[in-house]
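What follows is the residue order along each chain.
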Amino acid sequence: MSLMSNSTISSISHQTLHDVFGYSSFRGEQQAIVEHVANGGDALVLMPTGGGKSLCYQLPALMREGVAIVVSPLIALMQDQVDALQQLGVKAAFLNSSQDAEEARDITSRLISGFLQIVYVAPERLLMSSFLRLLEQIQQHVGIALFAIDEAHCVSQWGHDFRPEYRKLTVLHERFPKVPRIALTATADAPTRAEIVERLSLENARQFVSSFDRPNIRYRVLQKDNAQKNSARAQLETFLDLEHANDAGIIYCLSRRKVEETAEWLKSRGWDALPYHAGLDASVRNQNQRRFLREEGVIMVATVAFGMGIDKPNVRFVAHLDIPKSMEGYYQETGRAGRDGLPANAWMTYGLSDVVSMRQMLDSGDAPEERKQVERQKLDALLGFCESTGCRHQIILRYFGEQHPSHCEECDNCLTPVDTWDATKAAQMALSCVYRTGQRFGVVHLIDVLLGKPTPKVRQFNHEKLSTFGIGKAVSQQQWSSVYRQLVAGGFLESDVEAYGGLKLTEAARPVLRNESEVWLRRDSEIDKRKASKAERGNRAKEAYVAVSNDPLWYTLKDKRTELAKQQGVPPYVIFHDSTLLEMVNRRPVSLVEISRISGVGQAKLDRYGDAFLEVLQAAVN
Ligand code: ADP
């Protein structure tokens, strides 16, 4: 395409944004990115989940001549992406191993004839020499508008999404040097970014780095009550009951077994919950994912195997029953909530046993020592986040190298500030109890010794004779458990893999024992009060819905959406997002022109669904 003037590009991009996507304005950096790529420039786009990355390549794809090729590792989701584009009136298709030869031939011939505007391709397909030859033919006859490389962090071997084929994608630049490339990812850290640039030869690409803040997500971390069996389940159910009675959400667990047990338990309690992990049969996984995407209010209980590329916009909560391995993981997983920009919750409950088992898992793995070291540091950063009393939005952003003014009013610590206390004396007792008992016992026994309980184990090891026996009677068992958790999380104690997870002192414990440094800990007793606090009181994630939830029109509009989605076998949000229906309830348009002014109603959707929704809206007025 010949270069267009800036003002022409700008007016075409706005027009297309409005006509095709039904949006009145760009978000954040979208406009600059779209215009840069439409003008033939290469780009590296770092934007948080929900930031609106798709539009950054879809819009220039429509503005430039030829077909756009989108490389995506997410075969299972290509269908939905293509469905969504077709709903917008865009000629889109995908090519991957799920299709039979005839289907693939049909799409290939449509590609060559120039009929298609956007084609999603799996990396292994793209790299086949026959496909590259086909692309050369296409370039000569109809042109290639651009290459979009989605989930670009898959080139990084450090992340758990590593895809070796991604490293060969430099072939695109070598064979098609004139075609602009746009690489996109929601993984923010600097090393990954550098690796993407290097591995994809994007040294000359302009980098667009958006703020990674997700202001609509409320972060909360609760402490598990170790004294109570299954306390996490009780906490989870309270959270669901109060805040997400009918919402779609994801619950992350560490192990496959826990995924299955939790899903079963939730089902037995009447929740519409499904399991998802890599050990399930592919057909079960696909079916569960499909239900999660296509139905309303389904809860997915999953390992981290679930989630990449899930673009369901109205996931209202992400809960963690086990801690993730790093801040990157936590951010990525929680980021799947609230892509539509409406209020959403990131909720986690964790306790000492999580810290111990996660550390043990890292230590006992077969990774080389250097890698383990990196993983330990990443876990420590996450634990610091869990234990912190500061603004959680601020901590997350600082981790990714960004400033945040703090006091977000969207995290537990800002909504209900936590007390800290001078725990130096208690820490000394706790640490010295570890030392005196030989650095090989777990927390339950250590607390028994501090509380002076003459249990059989205490007698067996003659621990009632120790100077630390009974010195901690003034403090409750629950408080001791909180002290130990924080000492482990803070790196004063570590679990000894060889001693079956018994605790031992680290270097950091020395100055504390020698009374050379103070230890300040968070006061966990606050947790009980916090339960009834603003953060916990509930229904907050539904604030945006509260106004409409008593309005019958909201439900009739949703029913109409479900009916249309079912007829076409697509997820309801592909017809219209919740935000579009909310706006309809609030503005009550009564003509096609008025409907066309609602955000998310482009020309194709107006033509297709305008009348059906108008009928519902008019009936509501009469
Ligand atoms: P990402 O891929 O970055 O996670 P998406 O491309 O899925 O994000 O976009 C997130 C949501 O925001 C989608 O529902 C999309 O339709 C919506 N969106 C994107 N750009 C705009 C815009 N300019 N105006 C309104 N909504 C937008």
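Residues numbered from 1 in each chain as written. Predicted model: local features only at pLDDT ≥ 70, side-chain atom pairs only at ≥ 80, totals over all residues. Heavy atoms only, no water.

**Q** Before we go on, may I ask you to explain the domain arrangement of the protein chain in this structure?
**A** Often, the extent of an interface is quoted as the loss of accessible area upon association of its parts. Under the domain assignment used here, the protein chain contains domain 1 (6-209), domain 2 (217-416), domain 3 (420-523) and domain 4 (547-621). A straight line from the C-alpha centre of domain 2 to that of domain 4 covers 32 Å. The junction of domain 2 with domain 4 conceals about 840 Å² of combined surface from both sides, 54% of it contributed by carbon and sulfur atoms. Three residues, Arg294, Glu296 and Pro313, lead the burial of domain 2 against domain 4; their summed loss comes to 56% of the area buried on that side. Inspection of the domain 2/domain 4 interface yields two salt bridges. Residue lysine 558 pairs with glutamate 296 through a salt bridge whose shortest N-O separation is 3.8 Å. (Domains from an automatic or database assignment. Buried area = accessible area lost by both parts, 1.4 Å probe. Salt bridge = Lys/Arg side-chain N within 4 Å of Asp/Glu carboxyl O.)

**Q** Help me out: how do you make sense of the pattern of salt bridges in this one?
**A** Where side chains of opposite charge bring their charged atoms close, a pairing between them can arise. Here the structure, examined in full by the defined rule, presents 35 salt bridges. For the salt bridge of aspartate 80 with arginine 294, the shortest nitrogen-to-oxygen distance reads 2.9 Å. On the criterion of sequence distance, the pair formed by aspartate 80 in helix α4 (residues 75-87) and arginine 294 in helix α12 (residues 282-294) is long-range, its members being 214 residues apart. Arginine 294 gets classed as buried once you look at its relative accessible area, which sits at 16%. Among the salt bridges present, the one from aspartate 106 reaches arginine 110, with a minimum N-O distance of 3.8 Å. One end of the pair is aspartate 106 and the other is arginine 110, both in helix α5 (residues 101-112) and four residues apart, which spans about a single turn. The class of arginine 110 is partly exposed, set by a relative accessible area of 27%. Look at the salt bridges and you will find they share partners, linking Glu296, Lys558, Arg561 and Asp578 into a network. (Helix = DSSP H or I, 4+ residues; strand = E, 2+ residues; numbered from the N terminus. Buried < 20%, exposed > 50% of the residue type's maximum accessible area, 1.4 Å probe, protein only.)

**Q** Any chance you could explain empty space enclosed by the protein here in plain terms?
**A** Any empty space left between atoms is shown by rolling a water-sized probe over those atoms. Considering all chains together, one arrives at two cavities of 30 Å³ or more under this definition. A volume near 40 Å³ is recorded for the second largest cavity. Every residue lining the second largest cavity is listed: Glu295, Glu296, Lys312, Asn314, Arg561, Pro572 and Tyr573. Grouping the constituent residues of the lining of the second largest cavity by class yields two nonpolar, one polar and four charged. The two domains that each donate at least three residues to the lining of the second largest cavity are domain 2 (217-416) and domain 4 (547-621). (1 Å grid on protein atoms, 1.4 Å probe; cavity = no way out; pocket = protein on both sides within 12 Å on 5 of 7 lines; lining within 4 Å. Points joined across faces, edges and corners; volume = space filled by probe spheres on them. Nonpolar A, V, L, I, M, F, W, Y, C, P; charged D, E, K, R; others polar.)

**Q** Quick question: what am I supposed to make of the sheet that holds strand β12 (residues 315-320) here?
**A** Two pairing modes exist for strands in a sheet, parallel and antiparallel, and in both the strands are linked by backbone hydrogen bonds. Judged by pairing direction, the sheet is parallel, and its six strands sit side by side in the order β8-β13-β12-β9-β11-β10 without closing on themselves. Each edge of the sheet is formed by a strand with only one pairing partner; in this case those strands are β8 (217-223) and β10 (273-276). Strand-to-strand, the axes of this sheet are offset by a mean angle of 15°, without reference to chain direction. Pairing analysis gives seven bridges linking β8 to strand β13 (residues 344-350), with the strands arranged parallel. Within β13, the residue paired with glutamine 223 across the bridge is tyrosine 350. (Pairing = 2+ DSSP bridges. Axes fitted to C-alpha atoms, helices over the stretch in contact; angles between N-to-C directions.)

**Q** Looking at this structure, I do not really get the sheet that holds strand β7 (residues 206-209). What am I missing?
**A** The strand order across the open sheet built from seven strands is β3-β4-β2-β5-β6-β1-β7, with neighbouring strands paired in parallel fashion. Sheet topology places β3 (92-95) and β7 at the edges, where each strand pairs with a single neighbour. Averaged over all pairs of adjacent strands, the angle between their axes in this sheet comes to 20°, without regard to strand direction. The pairing of strand β1 (residues 43-46) with strand β6 (residues 181-185) spans four bridges and is classified as parallel. The residue of β6 that forms the bridge with leucine 44 is alanine 183. Sheet strands touched by helix α7 (residues 129-141): β2 (67-71), β3, β4 (118-121) and β5 (144-149). Its angle to β5, the strand with the most contacts, is close to 140°. Packed on one face of the sheet, helix α9 (residues 190-199) meets β1, β6 and β7 and runs near 160° to β1. (Contact = heavy atoms within 4.5 Å.)

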